[in-house]
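Listed below are the residues making up each chain.
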Amino acid sequence: MKKGKLMLVSLLSVLALSLTSCEKKMEIIEAEGFEEMKAVLKDTFAKTFEHDNLTVVWSDTCGYVDYTEEINGTTSHIVEKRYLENDYGSPYETFSETWSFIDDNGEMISAKRTYYKDGTSEKEEKTSYMHGKEAYESTYKSFRHYFDMAMNIDTYLRPNSREGGETDYFELTRFSGYKYTNVKYEDEYYKDYFNFDGCTEIGTYNNDLSLMVFGFADSETGLLTESHILLSFPSEAYSPFGVESKFFAYDFRYDTNKLPISCPDVSTWEDVTSK
């Protein structure tokens with residue numbers, strides 16, 4: 001396929017038994033190159049990113065971290081659970097809650113509460129908050145963070161002064177993929193399926209997968225139902241994780257938050273805005 005040109009190809013009609021059939025037509029969008037891939041992903045994610053009543057559950061399968069984010073209007077609440085080990089090799093859990101909200105005075109707030117548990121005993125608790133638009137937007141709809149990284153992976157694969165590497169891995173990466181629309185499932189339910197990746201050619205025989213994004217969306221609403229993201233970085237490229245790769249799995253539920261999210265009173269919490 002010619003680079004730079006996005007092709008929309010009609011693949012087949014589902015159960016086209018007659019000219020009057022009301023079945024939807026399944027189609028395929030194919031993308032070749034980074035800009036084409038990014039355009040399809042941006043369109044695929046748009047409705048979910050705009051939705052203001054949803055619950056997103058996702059996990060970092062490489063780091064034993066689970067997240068649940070509830071969003072209702074301009075307020076979000078994230079629960080993060082990490083599974084770690086103490087100095088004696090025994091497992092313990094770290095919990096943190098983050099609220100993003102606009103208070104009664106119109107101030108944008110991002111507040112965080114963290115506490116540690118070892119068995120059944122609570123060991124420590126910390127509370128802090130930041131105020132301002134930048135702080136609020138950094139945590140509101142946090143689930144978007146890794147989607148945004150996937151769509152801007154070029155900035156991580158290009159030479160980065162912090163690592164001192166000179167190789168432009170973005171130029172060595174081949175991006176391609178496809179999106180099937182109106183795939184019929186049971187009970188007349190239709191889904192869209194998308195699958196995109198970026199393969200980095202290093203040496204003669206070594207092809208590393210730098211990016212993989214795949215999942216499903218509801219064909220009627222355009223909303224994501226599940227998604228998976230792999231982000232991998234060559235050793236010389238800058239990794240924002242401190243490790244070479246991470247894999248994330250997402251599950252989405254919509255219009256389930258009927259009551260306003262309860263936010264904490266941060267008047268006695270530490271203000272870390274300028275720290």
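Details of the structure are given in the entry above.
Residues numbered from 1 in each chain as written. Predicted model: local features only at pLDDT ≥ 70, side-chain atom pairs only at ≥ 80, totals over all residues. Heavy atoms only, no water.

> Before we go on, may I ask you to explain the pattern of salt bridges in this structure?
Close approach of charged atoms allows side chains with opposite charge to pair. Summed over the entire model, instances satisfying the criterion amount to nine salt bridges. With a closest N to O distance of 3.6 Å, Arg 158 and Glu 171 form a salt bridge. In this pair, Arg 158 is assigned in the loop between helix H4 (154-157) and strand E9 (173-184) and Glu 171 in the loop between H4 and E9, connecting sequence segments 13 residues apart. Of the charged contacts, one joins Glu 270 and Lys 275 as a salt bridge, the two residues approaching to 2.4 Å between their closest N and O atoms. Take Glu 270: its relative accessible area is 39%, and that puts it in the partly exposed class. (Salt bridge = Lys/Arg side-chain N within 4 Å of Asp/Glu carboxyl O. Helix = DSSP H or I, 4+ residues; strand = E, 2+ residues; numbered from the N terminus. Buried < 20%, exposed > 50% of the residue type's maximum accessible area, 1.4 Å probe, protein only.)

> Honestly, the side chain of His 77 in this entry has me stumped. Any pointers?
Structurally, the position occupied by His 77 is in strand E5 (residues 75-85). Its relative accessible area of 12% is what places His 77 among the buried residues.

> Explain the nonpolar core to me, please; I cannot follow it from the model alone.
One recurring pattern in soluble globular proteins is that nonpolar side chains are buried together. Core analysis: the largest hydrophobic core is formed by 42 residues, its most contacted members being Phe 45, Phe 143, Tyr 146, Phe 147, Leu 231, Tyr 250 and Phe 252. Ranked by residue count, the leading element in this core is helix H1 (residues 34-50), at six residues. Core analysis: the next-biggest nonpolar cluster, separate from the first, contains eight residues, Trp 99, Tyr 129, Val 266 and Trp 269 among them. (Core = buried A, V, L, I, M, F, W, Y, C linked by side-chain atoms within 4.5 Å.)

> How should I be thinking about the pairing of strand E3 (residues 53-60) in this particular structure?
The side chains of a regular strand alternate between the sheet's two faces. Taking burial as the measure, the eight residues of E3 include seven buried ones, the bulk of the element. In this structure, E3 lies alongside strand E4 (residues 65-72), joined through eight bridges in antiparallel fashion. Note on E4: the bridge partner recorded for Val 56 is Glu 69. (Pairing = 2+ DSSP bridges.)

> For this particular structure, what's the right way to read the packing of aromatic side chains?
Note on aromatic pairs: each is described by the distance of the centres and the angle between the planes. One pass over the full model with this rule turns up 23 aromatic pairs. With centroids separated by 5.1 Å and ring planes inclined at 45 degrees, the aromatic side chains of Tyr 193 and Phe 216 adopt a geometry described as tilted. Separated by 23 residues along the polypeptide, Tyr 193 in strand E10 (residues 190-202) and Phe 216 in strand E11 (residues 206-218) bring together distant segments of the chain. An aromatic cluster is defined as three or more aromatic residues linked by ring pairs; in this entry it consists of Phe 45, Phe 49, Trp 58, Tyr 67, Phe 143, Phe 147, Phe 194, Tyr 250, Phe 252 and Tyr 254. The ring of Phe 216 carries Lys 191 above its face, with NZ or CZ at 5.0 Å from the centroid. (Phe/Tyr/Trp six-rings, centres within 6.5 Å; stacked < 30°, edge-to-face > 60°. Lys NZ or Arg CZ within 6 Å of the ring centre and 35° of its normal.)

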